[in-house]
Amino acid sequence: MDIAGPDFIKGLSFLGAGLAMGFGAIGPGIGEGFAAGKACEAIGRKPEEAGLLTRTMLVGQAVSESTGIYSLVVALLLLFVV
Amino acid sequence: MLNSIAYITASSYLAAGLTIGLGAIGAALGEGYAAGLANESISYKPKMSGELLKNMLVGQAIAESAAIFALVVAILLLFAQPSSGSPIVAWSAIGAGLAMGLAAIGSGIGAGSPAGKACLAIVHQPSEKSRIMTTMLVGSAVCQTPAIFGMVISFLLMFMDFSSAPLYPAGAALLGAGLATGLAAIGSGLGSGLPAGAACLGIARQPKSGDKTMTTMLVGSAVCQTPAIFGIVISFLLIFMDFSSVPPYPGWAALLGAGLATGLAAIGSGVGNGFTAMEAVSGTARNPECNSETNRVMLIGMSVGQSTAIYGFLVSLLLVFTKMEPSTSLTSCLRLLGAGISSGFGGIGPGIGLGIVAASAVRWVARRPSSTVALIRTMLVGMAVTESTAIYALIVALLLLFVL
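Conventions we followed
Residues numbered from 1 in each chain as written. Chains lettered and ligands numbered in written order. Predicted model: local features only at pLDDT ≥ 70, side-chain atom pairs only at ≥ 80, totals over all residues. Heavy atoms only, no water. Helix = DSSP H or I, 4+ residues; strand = E, 2+ residues; numbered from the N terminus. Rg over C-alpha atoms; globule rule 2.2 N^0.38 Å. Buried < 20%, exposed > 50% of the residue type's maximum accessible area, 1.4 Å probe, protein only. Contact = heavy atoms within 4.5 Å. Areas by Shrake-Rupley, 256 points an atom, 1.4 Å probe, with all protein chains shown as cover. Phe/Tyr/Trp six-rings, centres within 6.5 Å; stacked < 30°, edge-to-face > 60°. Lys NZ or Arg CZ within 6 Å of the ring centre and 35° of its normal. Expected span 1.5 Å × (residues − 1). Arc of directions from axis to C-beta. Axes fitted to C-alpha atoms, helices over the stretch in contact; angles between N-to-C directions. Parallel < 35°, antiparallel > 145°, perpendicular 65-115°, else oblique. Nonpolar A, V, L, I, M, F, W, Y, C, P; charged D, E, K, R; others polar. Disulfide = S-S within 2.5 Å. Core = buried A, V, L, I, M, F, W, Y, C linked by side-chain atoms within 4.5 Å. Salt bridge = Lys/Arg side-chain N within 4 Å of Asp/Glu carboxyl O. Polar contact = N/O pair within 3.5 Å; in protein donor to acceptor, adjacent residues only side chain to side chain. pLDDT = per-residue confidence, 0-100. Patch = residues over 30% accessible without salt bridge, like charges linked within 9 Å, V, L, I, M, F, W, Y side chains within 5 Å.

Helices and strands together make up the secondary structure of chain B, namely 13 helices and zero strands. Element order for chain B, N to C, with α for helix and β for strand: α-α-α-α-α-α-α-α-α-α-α-α-α. Rg of the C-alpha trace for chain B: 22 Å, near the compact-globule value of 22 Å for 404 residues, within the 12% margin. Overall, the C-alpha framework of chain B stretches about 70 × 50 × 25 Å when taken along its three principal axes. The burial tally for chain B puts 64% of its 404 residues in the buried class. For chain B, contacts bridging at least 24 residues in sequence account for 92% of all contacts bridging at least 6. Total accessible area on chain B stands at roughly 13,600 Å², and carbon and sulfur atoms take up 70% of it.

Here it is in structure tokens:
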């Protein structure tokens, strides 16, 4: 198996894309789960505030999602642009 | 130049070290946890120290079994004669070591939970001693299932004759087979310990509803085993496949990636489902009347929680069964390995996160059955958002597989 320069760069950028999205998904996954878990708890305590609590949960999760989206962007850059 | 016997012997020694090094982690942690809770229990009622010590030792003995499996495999790797002089045996030895070593981690830690919680339970409800001990024994026995899966795969890898298989791609496939079951077993072992511990405490709190608690525990622990079963299925596919049907390059990367995808993704689902099952068992013990609601929400939560393991399993199946063009470029190999790594690691976090959401929902359904509908709705919305990063990882994997 002989490896040329462009092949080496392309190959490692594919591996890098996998690593970026794979590791990048760990944090938002756990964080958003924690937020939604607390939202369920809060709705359990005060079911009449369900609308407010769900809205807050979604805003919080959206912020927590951002790092996952950064990973996705970097992965897509590695796949298609670089 | 190294001759192949030296290569195989060296790899077997490395594998033996990995097996017992990894395999010792779980049992020691689980037993330490049990001993800690036993001491806490004795401090409440020092007069019961004899009973509690006995219960601790029985619980620890079961947690120890995972490490003993690993010790047996390590000794076999050290002293068993290799089945042939083919270099493929070196890779199957390392796969065998990883399967057993990694699988013992989850079962060891998992079995510590019922052993420790049973001591606390006995001190709070001494009249239910025998029932608590039975629950502990059943619960810790279920925790050992993933370690047994690991041992089965490791025996297959050690004693089957692969000498006629080509080094590429079979070497990587056998390593992947070890990783798939070993990694997947971590989550299931850890996860199935949590409901077992909660059941011991639940029976102490509400001895009258002991049967319902036990049933919920068994259902929960059984569903927690699913990710380990995905892992063992992929291992069997990788061990018994026809290696000549796969081009050596980039086949090796696809088959190693297949092992990593299912193994890693299963860790998250196993642990997450354990959280959900634990809350369902505690909830059933706290409020036996709404047992059926609790169980229903638990099963909804667990089936959504399973999705990340299923994404990993799907990518593994695609990697094993998609026809690929022979190509010796590094790009074509790392493309396939990257797909496996993306969906594998990408499943860990969302799997745990989905479990946390479902666990909270189940806890509050048991406390306030009147708001079950609102809780299920929020749980599903929260889970959908939590799922998103796993879906990104799946998309990246599918792009790597089919577009690039």
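For the rest of this paragraph, the subject is the packing of aromatic side chains. Residue and element names in this part refer to chain B. Across all of its chains, the model carries five aromatic pairs over all chains by this definition. Note on Phe155 and Phe159: the rings are 5.9 Å apart at their centroids and 40 degrees apart in plane angle, and the pair reads as tilted. On the criterion of helical spacing, the pair formed by Phe155 and Phe159 is a turn pair, its members being four residues apart in helix H5 (residues 145-159). Between the aromatic rings of Tyr168 and Tyr249, the centroid separation amounts to 5.0 Å while the plane-to-plane angle is 25 degrees, which identifies the pairing as stacked. Note that Tyr168 is positioned in helix H6 (residues 167-205) and Tyr249 in helix H9 (residues 248-286), a separation of 81 residues in sequence. Classification of Tyr168 by relative accessible area gives partly exposed; the value is 40%. Here the guanidinium or amino end of Arg367 rests over the ring plane of Trp364, the centre of that ring lying 5.0 Å away.

For the rest of this paragraph, the subject is the environment of Ser84 of chain B. Among the secondary structure elements, Ser84 of chain B is positioned in the loop between helix H2 (49-79) and helix H3 (88-124). Residue contacts for Ser84 of chain B: discarding those within four places in its chain leaves Ile8, Val89 and Ser163 of chain B.

Right, let's get into helix H7 (residues 210-224) of chain B. Residue and element names in this part refer to chain B. Taking 1.5 Å as the rise per residue, H7 with 15 residues should run 21 Å; its terminal C-alpha atoms sit 21 Å apart, in good agreement. Three or more residues of H7 are buried, namely Gly210, Thr213, Met214, Thr216, Met217, Gly220, Ser221 and Cys224. Taken down its axis, H7 places every buried residue within 165 degrees of arc, on the same side. Contacts made by the buried residues of H7 are with helix H4 (129-143), H6, helix H8 (226-240), H9 and helix H10 (291-305).

Residue and element names in this part refer to chain A. The geometry of helix H1 (residues 5-24) relative to helix H2 (residues 26-45) is characterised by a closest axis approach of 4 Å and an angle of 20 degrees between their N-to-C directions. Our classification of the angle between H1 and H2 gives roughly parallel. Residues Gly22, Phe23 and Gly24 of H1 pack against Ile26, Gly27 and Pro28 of H2. Of the residues belonging to the contact of H1 with H2, the class tally is three nonpolar, three polar and no charged.

This paragraph deals with the state of the cysteines. All names here are of chain B. Counting across every chain of the model gives zero disulfides over all chains. For the unlinked cysteine Cys200, the closest cysteine sulfur is that of Cys119, found at 9.3 Å. Residue Cys200 is classed as buried on the basis of its relative accessible area of 0%.

Look at H1 of chain A against helix H12 (residues 330-367) of chain B: their axes get within 7 Å of each other, and the N-to-C directions meet at 5 degrees. With respect to their mutual orientation, H1 of chain A and H12 of chain B come out roughly parallel. Seen from H1 of chain A, the contacting residues are Asp7, Phe8, Lys10, Gly11, Leu12, Phe14, Leu15, Gly18, Leu19, Met21, Gly22 and Phe23 of chain A; seen from H12 of chain B, they are Leu330, Thr331, Leu334, Arg335, Leu337, Gly338, Ile341, Ser342, Phe345 and Gly346 of chain B. Taken together, the residues of the contact of H1 of chain A with H12 of chain B break down into twelve nonpolar, seven polar and three charged.

Before going further, it helps to spend a moment on the nonpolar core. One recurring pattern in soluble globular proteins: nonpolar side chains tend to sit buried together. In this structure, Met21 of chain A together with Leu102, Leu183, Leu238 and Leu337 of chain B are the most contacted members of the largest nonpolar core, which totals 96 residues. It is H3 of chain B that provides the largest number of residues to this core, a total of twelve residues. When near neighbours in sequence (up to four residues on either side) are disregarded, Leu238 of chain B contacts Ala173, Gly176, Ala177, Phe243, Leu255, Gly259 and Val320 of chain B. Among the nonpolar cores identified, the runner-up in size contains 24 residues, and Cys224, Met302, Ala374 and Leu375 of chain B belong to it.

The first and last C-alpha atoms of H2 of chain A sit 29 Å apart over 20 residues, in line with the 28 Å expected at 1.5 Å per residue. When H2 of chain A is considered as a whole, its buried residues turn out to be Pro28, Gly29, Glu32, Gly33, Ala36, Gly37, Ala39, Cys40, Glu41, Ile43 and Gly44 of chain A. Summarising the contacts, the buried residues of H2 of chain A are in contact with H1 and helix H3 (50-81) of chain A together with H12 and helix H13 (372-403) of chain B.

Right, let's get into the interface of chain B and chain A. On the chain A side, the residues contacting the 44 residues of chain B number 45 residues. Linking chain B with chain A are one salt bridge. Among the ionic pairs, Arg363 of chain B bridges to Glu41 of chain A, the shortest N-O distance being 3.5 Å. Applying the counting rule to chain B against chain A returns ten residue pairs in polar contact (both at pLDDT 80 or more). Elements represented by at least two residues in the side of chain B that touches chain A include exactly H12 and H13 of chain B. Considered class by class, the residues forming the side of chain B that touches chain A number 26 nonpolar, 15 polar and three charged.

For chain B, the mean per-residue pLDDT works out to 94, and 100% of the residues sit at or above 70. This prediction of the complex comes with two scores: 0.94 for pTM and 0.91 for ipTM.

This part covers a nonpolar patch on the surface. On the surface, a cluster of nonpolar side chains totalling about 750 Å² of accessible area is made up of Ile69, Val73, Leu77, Phe80, Val81 and Val82 of chain A together with Phe402 and Val403 of chain B. Sorting the residues of the nonpolar patch by element identifies H3 of chain A together with H13 of chain B as the ones contributing at least two each. Broken down by element, the residue count for the nonpolar patch peaks at five residues, all from H3 of chain A. Counting through the fold element by element, Leu77 of chain A comes out in helix H3. Judged by its relative accessible area of 40%, Leu77 of chain A is partly exposed.

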